[in-house]
Structure formats: structure tokens, C-alpha cells
Amino acid sequence: MESRNDIKKVSCYPTIKGRHSPSVIVIGGGFAGISAARALQNSSFKVVLLESRHRIGGRAYTDYSFGFPVDMGAAWLHGACVKNPLAPVIGRLGLPLYRTSGDDSVLFDHDLESYALYDTDGNQVPQELVEHVGGIFESMLKETEKLRQEISNDMSMTKAIAMVFERRPDLRLEGLADKVLKWYLCRLEGWFAADADTISLKYWDEEVLLPGGHALMVRGYRPVINTLARDLDIRLGHRVSKIVRDKMGVEVIVDNGKSFVADAVVITVPLGVLKSNSIKFEPRLPNWKEEAIKDIGVGTENKIALHFDRVFWPSVEFLGVVSSSTYSCSYFLNLHKATGHPVLVYMPAGQLAHDLEKLTDEAAASFAFQQLKQILPDASKPPTDRKPSVSKLAVLSALDTRARPSLPPHKPNSWLPSQTTHDLIPVLYWIGSNDGNWSLLVAKIQYLVSHWGTDVNSLGSYSYDTVGKPHYLFERLRIPVDNLFFAGEATSLDYTGTVHGAFSTGLMAAEECRMRVLEKYGNLDIFHPAMGHGEEEQLSAPLLISRI
Ligand SMILES: Cc1cc2nc3c(=O)[nH]c(=O)nc-3n(C[C@H](O)[C@H](O)[C@H](O)COP(=O)(O)OP(=O)(O)OC[C@H]3O[C@@H](n4cnc5c(N)ncnc54)[C@H](O)[C@@H]3O)c2cc1C
């Protein structure tokens, strides 16, 4: 391994016409790293991107093992409009988007026809109650705003809500209404992937919300990342463990012992990875940078995708479980609406997400499935009020009707995943049979389970403002240190925790890096500026957004 003094000597980059060719190492192949690498390559830099995983995309990960795309990390384009920094590339690729909500709000979704909420006995919450409680939730949030203007010290959202109830006892709810309110809070926690007792009252809403609502990438994020990554020099399976910098340049050491040298480095690894200190900096990063790394929060949200052989749930975008605590509330995204595939995605966040990561994948999938069973118990019972209809028979004919196990005697009508195999949970369904009666069928559910909290390549899902820590820390995380440039969702002041946020910070870091290296080498006529906004727009095409 070379010492710092040898950095210049081991530079592996060729010179152009006897002149030093500017070089950069980008660490991390998510949206931030890929956009930085692309922009710098367009600006005539020699670019090498080092990625620890054996794939690119980072927390935007599209899985194809069900035979069609399912996003196990980012799935929505938040702000489906031309102003979105990703709109030019998505539009140009002609990728379809499916808007699950036209509302720009993140916490109170006014598009309530897209939800079906149930209590844990399987009773659907009347829509009027959902809307009524939604109004109360909005009033509660307005009261928390007043609180933060009055009280200078920060506090958690949990404490703020408790104080609002003391001041405004009329906002307190009971019974089912209280459970629905808990569900709204559970959605709030899901947005930050963190429990409300860690979320800052002062800064929780600093994020800039683009107009256009929230739209699912119907074909997943993979085509976008693949397009952006085309022709880049990407080294997969290269986990960076040390970064050494001096006036001459930067040396980046990978845990297989290889080292790379360049003029500058763009660091886009997740905040969770920076927090873990698995990358050593020599010399150490300044205190203000280390504090930003320590004090910005990282939450965990996971996805458990359940692939059934038929749809047996209502045709809404979300199915919600209301309960007496936010921990036991939850929700499923109905992918069938957007993609036509019979898939529900369970999305636990905060402590629940952490707890589920401690289970085996099978147990986590079974847990999600039990939640579904609680809210839709009728799917496990033979309908008493009707004979199976012909159309239903046609829909179900694809199922294997040969396997008809007897029910366990102690649990009649149980919808239980008994044995589990690697990726299938056997499930019992009642289905209509050809003789016009109902009969029992065993079907299998395929599942996928994410582990964003414990995966060493992410160590969390996305960043958020924790209690007592200022929002400007996100900017501090972005500010360069000598020839180290920083990008990634947690460096975005405006679009924290999003794909378009990560993408824009990659472009910002690339531009800063380009300017800094220009300064260092003087007038370099080989430099082409990165593509400006105007040019991108000329090449862009309108977004293809639908709501089926
Ligand atoms: C479950 C979930 C749901 C989400 N939903 C949405 C959504 O719907 N819409 C949205 O806009 N955003 C969403 N997000 C957030 C979004 O995915 C992220 O903000 C964005 O993808 C982050 O991109 P990034 O480039 O900053 O980081 P990453 O994508 O994490 O890229 C960092 C890269 O660094 C690599 N790396 C780590 N350590 C090292 C190392 N030592 N050496 C080399 N490489 C390393 C990683 O493998 C990774 O590829 C979601 C995230 C999760 C987890």
C-alpha cells in the first residue's frame, strides 16, 4: 500500500498531449454516484466508480425474481412534474408512471378514495370516519406549528402531539377514531422511516415538495440507473475502506488491498455507512463534518413483497391496518393497481422495521401475511352468502386444484402459512370449484424481504431531522473538504431522502469538483461543461403519467 507521499507517483491516469488529465474517483454507484460520474465524464474527466455491491443502483433496487419488476427500495417519483430533476431522463425513456396520489402533501393524503383501512377484526373503517379523522390530524399538525413558534427549544413530534392534546382536549379521540389517528401517525413515521419520538418538531417539514403528487415507476427504477450508467468505468465488488488525501491528490484503498489514485474523490456512500466509521479518513475529517455525520438521523423502512396467484383484495392503492399504537398500525401498497401483477408490498418503518429485520425472511413474510389475514379474514372463509360465479371460476382456473389439504382441526378456516420453503409460503384459499361449491386450495406465495437497516452497504433507508439538531447539517454534510466532495440523499437540503435529491447532489458535487480542479490546473481546454438545464430540457419528453 502506498504512503501519502507517493500519491502522485502511483497515479494510473494517462496524460493527454503531455498534459495532466484530470481524474476523479466516485465512491458508490447509487443515483448520486452515477449522476456525479456521468457529469464528470461528460466534462472530460477520467472517472472510475467504485461500488461495494455486485450491482449498481444502491437504495434504488429493482428485483425481477417474480418475473416482473418490483422496486424493493425507492419506488415513487416524489413530485411527478417537469420540474423534477429526473423528469428529463424518465420522459426521454418513455417510462410509464402511475400516480398513487395527486396530493403534494406527505402526511395527510387528501386522495382518500385510494385507501381502504381496516381494524384488526377485519372491519373496514367507514370512509367518512377516515376523512373526519384526517381533518383532525391536519388540525393537530397546525397546532404543532403554533407550538414550535412559541417554544424555542426543539422537541420530538411525540411530545409535541401530547402537548397539543393537553391544550386542545377537543382533538382527543377514542375507540376506532383514535386508532385511525394512530394510523395517520404511522404514515408520518413511514415518511421519515423513524418513530415520532425521534423526529424533530422544528425541522420535520424543511423538505421542498415538488408539485405533481407521488407516482410509482411502473417498470421500476432500474432502466433509469442503467441508462445513466452507460459507458462509465464501474468497478463492482470494490468496498472502499480508507481515503487518504493531501495537496497532490487522493488515494482510495479498497478492502481487497487495491488502491486507486486521482485528483479528487466524490463520496456518495450512505450516511449510515459514514456513521459506522467503516471508511477511515486520513487525515481525519474536520469536527464540523464528523458532527454532521453523527447528528443527522437515519431511519429504516423495509419492504416485504408478497406475490399471490390472484387478487383477492379491494381495488385501492393502499390497504391500511388501524390499531391502538402506531407500532401495530401498518399498510400495504397494492401493486396490482399500477402494474397489473397480484402483488402487495408491506412497508414497516422505524422500530417495527428493525424488529422484523431480526427475523428470518420466512418469518418476516409470514408476519406480513398475518397482518393481511387480520384485515381480510373473509378470504380464508368459504362465502356463506353466495355460490361461486362463473367469472370467478374463470379467474381461478389457473390455480392448481389437485392439492386440497384437510384443515387443521384446532384451527378451522385458518389462513395459515404452515410450512415454509425458501421463497414460498403455502396458503389455504377457499375457491369456487366446477361443481358450483366452494373448496379449499393450497396456493403458494412468493416473497421478497429487504434489509436496508442491517445491510452493510446501506445501514439505514434514508435520512431525517432528529430532535435538537439543525437542518443546516445536511448542507454541512455536502460541503467539500479539500479534494473530497460529498453527495447522496443525506447531503440534499431540499430533497432529503429521495432519489431525485440524490441525483441532484451528484450533479452539484460534480460541478464543484470540476470548478475546483479547473482552478488547480488553470485553463484546461479539454474541459467541456456538464450539460446545462436548458439542453436537458430540449432533449426531454413529457412524462407518461396514468391512474388506472
Ligand atoms: C425502502 C426504501 C424506500 C424508498 N422509497 C423511496 C421512494 O419511493 N422515492 C424516493 O425518491 N426515494 C425513496 N427512497 C430513498 C432513495 O432510495 C434514496 O434516497 C436514494 O436512492 C439514495 O441514493 P444515494 O446515491 O444517495 O445512495 P445509495 O443509493 O445508497 O448509493 C450509495 C452506494 O454506495 C455503495 N457503498 C456503500 N458502502 C460502500 C463502500 N464502502 N465502498 C464503495 N461503495 C459503497 C452502496 O452499495 C450504494 O450502491 C427509499 C429508500 C428505501 C430504502
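Just so you know, these numbers come straight off a predicted model, no measurement behind them.

Cut-offs applied
Residues numbered from 1 in each chain as written. Predicted model: local features only at pLDDT ≥ 70, side-chain atom pairs only at ≥ 80, totals over all residues. Heavy atoms only, no water. Helix = DSSP H or I, 4+ residues; strand = E, 2+ residues; numbered from the N terminus. Buried < 20%, exposed > 50% of the residue type's maximum accessible area, 1.4 Å probe, protein only. Contact = heavy atoms within 4.5 Å. Areas by Shrake-Rupley, 256 points an atom, 1.4 Å probe, with all protein chains shown as cover. Phe/Tyr/Trp six-rings, centres within 6.5 Å; stacked < 30°, edge-to-face > 60°. Lys NZ or Arg CZ within 6 Å of the ring centre and 35° of its normal. Domains from an automatic or database assignment. Buried area = accessible area lost by both parts, 1.4 Å probe. Lys, Arg positive; Asp, Glu negative; His and termini not counted. Salt bridge = Lys/Arg side-chain N within 4 Å of Asp/Glu carboxyl O. Polar contact = N/O pair within 3.5 Å; in protein donor to acceptor, adjacent residues only side chain to side chain. Near = heavy atom within 4 Å. UniProt positions renumbered as here; feature names shortened; annotations may be inferred. Arc of directions from axis to C-beta. Pairing = 2+ DSSP bridges.

Of the regular secondary structure elements, the protein holds 15 helices and 24 strands. Looking at the protein residue by residue over its 548 residues, the buried ones come to 55%. Summarising the internal contacts of the protein: among those between residues at least 6 apart in sequence, 73% fall at separations of at least 24. Accessible surface, the protein as shown: approximately 23,200 Å² in total, 52% of it carbon and sulfur.

Counting across every chain of the model gives 15 aromatic pairs. The interplanar angle of 10 degrees and the centroid separation of 6.2 Å between the aromatic rings of W76 and F318 together place this pair among those described as stacked. Within this pair, whereas W76 is found in strand β5 (residues 76–78), its partner F318 is found in strand β17 (residues 318–321), the two being separated by 242 residues in sequence. Residue W76 shares its accessibility class with F318, and that shared class is buried. Chaining the aromatic ring pairs together yields one cluster made of W76, Y115, F137, W183, Y184, F318 and Y331. Over the face of the ring belonging to F486 we find K289, whose NZ or CZ atom lies 3.8 Å from the ring centre.

Further remarks concern the domain arrangement of the protein. The domain boundaries assigned to the protein delineate domain 1 (23–98 + 215–297 + 466–524) and domain 2 (115–204 + 301–383). Measuring from the centre of the C-alpha atoms in domain 1 to the corresponding centre in domain 2 gives 31 Å. Counting from both sides, the interface comprises 19 residues of domain 1 and, opposite them, 22 residues of domain 2. Of the roughly 1,600 Å² buried between domain 1 and domain 2 on both sides combined, carbon and sulfur atoms contribute 74%.

By secondary structure assignment, the location of K289 is in helix α8 (residues 287–295). In this structure, K289 is buried with no salt-bridge partner, the nearest side chain bearing the opposite charge being E512 at 9.1 Å. Polar side-chain contacts of K289 include one of 2.9 Å to the backbone oxygen of R476. Residues within four places of K289 in sequence aside, it is in contact with R476, L477, R478, I479, V481 and F486.

Moving on to the site of the ligand. Close contacts around the ligand come from 39 residues, with E51, R59, W76, V240 and V499 the closest. Contact between the ligand and F31: an oxygen atom at 3.2 Å from a main-chain N or O atom of the residue. Note that an oxygen atom of the ligand is positioned 2.9 Å from one of the backbone N or O atoms of A32. Protein coverage of the free-state accessible area of the ligand, which is 1,000 Å², stands at 98%.

So, about the UniProt feature "binding site: FAD" (unreviewed entry) in the protein. Under the local residue numbering, the UniProt record ascribes the feature "binding site: FAD" (unreviewed entry) to V240. Structurally, V240 is set in strand β10 (residues 240–246). Leave out the neighbours within four places in its chain, and V240 touches I27, L50, V252, I253, V254, S278 and I279.

Before going further, it helps to spend a moment on the pattern of salt bridges. With the rule as written, the count across this model stands at 19 salt bridges. One salt bridge in this structure joins D295 and K469, with 3.9 Å as the shortest N-O distance. Taken as a pair, D295 in helix α8 and K469 in the loop between β22 (462–464) and α13 (473–478) lie far apart in primary sequence, 174 residues in all. Of the residues examined, K469 reaches a relative accessible area of 29% and is grouped as partly exposed. Measuring nitrogen to oxygen at the nearest pair gives 3.2 Å for the salt bridge that ties D355 to K358. The class of K358 is exposed, set by a relative accessible area of 66%. Taken together, the shared-partner salt bridges connect E143, K146, R168 and D170 into one network.

It is worth spelling out helix α6 (residues 222–229) at this point. Among the residues of α6, V224, I225, L228 and A229 are the ones counted as buried. Mapping the buried residues of α6 onto a view down its axis gives an arc of 125 degrees, with all of them on the same face. Each element contacted by the buried residues of α6 is listed here: α1 (31–42), α2 (87–93), β8 (214–217), β9 (234–235) and α14 (499–521). Directly beyond the C-terminal end of α6, a positive phi value near 65 degrees is found at D231.

Here we come to the pairing of strand β6 (residues 96–101). Sheet analysis places β6 next to strand β24 (residues 544–546), joined by three bridges and oriented parallel. When the bridges of β24 are listed, P96 appears paired with L544. Relative to β8, β6 runs antiparallel, the two sharing four bridges. Within β8, the residue paired with S101 across the bridge is H214.

Omega for the peptide link from E282 to P283 comes to -5 degrees, which places this bond in the cis form. Positioned with a positive phi, S44 is a non-glycine residue whose angle comes to about 75 degrees. The residue S44 is located in the loop between α1 and β2 (46–50) in this model. Of note, the phi angle at L459 is positive, near 50 degrees, even though the residue is not glycine. Mapped onto the elements of the fold, L459 is located in the loop between β21 (438–449) and β22.

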